[in-house]
Amino acid sequence: MTLKKLKAYFATTSALPQAELEKWKEDPRESVQRLVSSYEQQQKNLAAEKKRIEKLWSLEKNLQRQGVKLIAGIDEAGRGPLAGPVVAAAVVMPVGFMLPGLNDSKKLTAKKRATLQTTIRQHAISLGVGLVEADLIDELNIWEATCLAMQKAISALTINPEHLLIDAMPLPKVAIPQTNLIKGDQRSASIAAASIIAKTTRDKYMEKLANKYPAYAFEKHKGYGTLLHMKILAEIGPSPIHRQSFKPVSALLNNAK
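Scope of this entry: the structure provided in the associated data block. What you see is a predicted model, and the numbers here were worked out from it, not measured in a lab.

Rules used throughout
- Residues numbered from 1 in each chain as written.
- Predicted model: local features only at pLDDT ≥ 70, side-chain atom pairs only at ≥ 80, totals over all residues.
- Heavy atoms only, no water.
- Helix = DSSP H or I, 4+ residues; strand = E, 2+ residues; numbered from the N terminus.
- Rg over C-alpha atoms; globule rule 2.2 N^0.38 Å.
- Buried < 20%, exposed > 50% of the residue type's maximum accessible area, 1.4 Å probe, protein only.
- Contact = heavy atoms within 4.5 Å.
- Lys, Arg positive; Asp, Glu negative; His and termini not counted.
- Charge placed at Lys NZ, Arg CZ, Asp CG, Glu CD.
- Axes fitted to C-alpha atoms, helices over the stretch in contact; angles between N-to-C directions.
- Left-handed = near helix turned anticlockwise from the far one by under 90°.
- Core = buried A, V, L, I, M, F, W, Y, C linked by side-chain atoms within 4.5 Å.
- Salt bridge = Lys/Arg side-chain N within 4 Å of Asp/Glu carboxyl O.
- Pairing = 2+ DSSP bridges.
- Phe/Tyr/Trp six-rings, centres within 6.5 Å; stacked < 30°, edge-to-face > 60°.
- Lys NZ or Arg CZ within 6 Å of the ring centre and 35° of its normal.

From N to C terminus, the protein chain includes eleven helices and five strands. Relative to the 2.2 N^0.38 estimate, which gives 18 Å for 257 residues, the radius of gyration of the protein chain is 23 Å and therefore markedly larger than a compact globule would have. With respect to the three principal axes, the spread of C-alpha positions in the protein chain is 80 × 50 × 25 Å. Each of the 257 residues in the protein chain was classed as buried or not, and the buried ones make up 45%. In the protein chain, 63% of the contacts between residues at least 6 apart in sequence involve partners at least 24 apart. Charge separation in the protein chain, taken as the distance between the mean sites of 37 positive and 24 negative side-chain charges, equals 2 Å.

Right, dumping it as structure tokens:
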């Protein structure tokens, strides 16, 4: 078999029988040996990723063994920015769903988040999103606004979850059994899925706001307090979607008086 055909064969075969792999190891061509070595490394990486994803589902599987079937992961995006909304997502996935690459959204590139969010939306049993704008954040405070966004996300689900896995924040106003996890987006597959939906939803929303307020370059910093954002704020002042209760913005407003 030519090297070109062999590359195509390896690329389209998910798991070569060991006996066949051993046969190719006897091929005298160095190029084939490099191909075999690369294939074996890919298989090791795939096995390691499968093991990691299985571990991410351990909390959900433990609840499942206790008779809990519908488990929603809850997470937010946008607590820290100086502008724009805080967005929360609630996601109910089939427990054990194998999604390579699933992780805390902050550990992923924008391209990888976009790919994963498409798969999550396709396979979720139910998915809800909640959003609280900057003016209400100023009125309530960011903690209460985040809780409200999470409550909205849960209400937007088309099913009633039996248990909530929430990244860090308790929701005392929600009468559903819940578990609050520090760094939950790194410990639960459901929360990781919610973190990706919340992040991609908010980023897309901020890109739309960038068209409405082009001078602020929201498409680049998404409202976070980057050097670019702070430079623009100092030059032209806050926009209507800036959080006036946040210190860097309130300081500018006070100086302008």
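Packing of helix H5 (residues 110–123) against helix H8 (residues 189–212) brings their axes to within 9 Å, and their N-to-C directions diverge by 115°. Note that H5 runs across H8; the crossing there is left-handed. Counting all contacts with H5, which are made through Arg 113, Ala 114, Leu 116, Gln 117, Ile 120 and Arg 121, the residues of H8 involved are Ala 193, Ile 196, Ile 197, Lys 199, Thr 200, Thr 201 and Asp 203.

The subject of this paragraph is the side chain of Asp 104. Note that Asp 104 resides in the loop between strand S2 (86–92) and H5. Ignoring any residue separated from it by four or fewer positions in sequence, one finds Asp 104 in contact with Asp 185, Gln 186, Ala 192 and Ser 195.

By size, the foremost hydrophobic cluster in this structure holds 35 residues, and its most contacted members are Ile 74, Met 150, Ile 154, Leu 164, Leu 171, Phe 218 and Ile 241. Where this core is concerned, the elements lending two or more residues are strand S1 (71–77), S2, helix H7 (142–155), strand S4 (163–167), H8 and helix H10 (227–236). Of the residues forming this core, the biggest block, six residues, is contributed by H7. Those residues within four positions of Met 150 in sequence are excluded, and the remaining contacts are Ile 74, Asp 75, Glu 76, Ala 88, Ile 166, Asp 167, Met 169 and Leu 171. Counting residues in each nonpolar core, the second largest holds 20 residues, with Ala 77, Leu 102, Ile 197 and Ala 198 among its members.

The next point concerns the pattern of salt bridges. By the definition in use, this model includes eleven salt bridges. In this structure, the salt-bridge partner of Glu 40 is Lys 25, at a minimum N-O distance of 2.8 Å. Placement of the pair is Glu 40 in helix H3 (residues 30–56) and Lys 25 in helix H2 (residues 18–25), with a sequence separation of 15 residues. Classification of Glu 40 as partly exposed rests on a relative accessible area of 27%. The closest approach of N and O atoms between Lys 222 and Glu 207, which form a salt bridge, is 3.9 Å. Here Glu 207 lies in helix H8 and Lys 222 lies in the loop between helix H9 (218–221) and H10, a separation of 15 residues in the sequence.

Here the focus is the sheet that holds strand S5 (residues 178–181). Taken in spatial order, the five strands of this open sheet run S3-S2-S1-S4-S5, and their pairing is mixed. Two strands in the sheet have a free side with no partner beyond their single neighbour: strand S3 (126–132) and S5. Geometrically, the sheet is characterised by an average inter-axis angle of 20° between neighbouring strands, direction not taken into account. Bridging between S4 and S5 involves four bridges; their strand directions are parallel. Bridge pairing in S5 links Ile 166 to Asn 180. Contacts between helix H4 (residues 58–65) and the sheet are confined to S1, S4 and S5, with S4 contributing the most and set at about 160° to the helix.

For S2, the buried fraction is high: seven of the seven residues fall into the buried class. The side-chain alternation of S2 yields two buried faces, one formed by Val 86, Ala 88, Ala 90 and Val 92 and the other by Val 87, Ala 89 and Val 91. The pairing of S2 with S3 spans seven bridges and is classified as antiparallel. The partner of Val 92 across the bridge, within S3, is Ser 126.

Summed over all chains, the structure comprises three aromatic pairs. Between Tyr 216 and Phe 218 the ring centres are 5.5 Å apart and the planes differ by 10°, which places this aromatic pair in the stacked class. Judged on exposure class, the residue Tyr 216 and its partner Phe 218 are both buried. What links up through ring pairs into an aromatic cluster is the set Tyr 9, Phe 10 and Tyr 39. Over the ring of Trp 24 we find Lys 23; its NZ or CZ atom is 4.7 Å from the centre of that ring.

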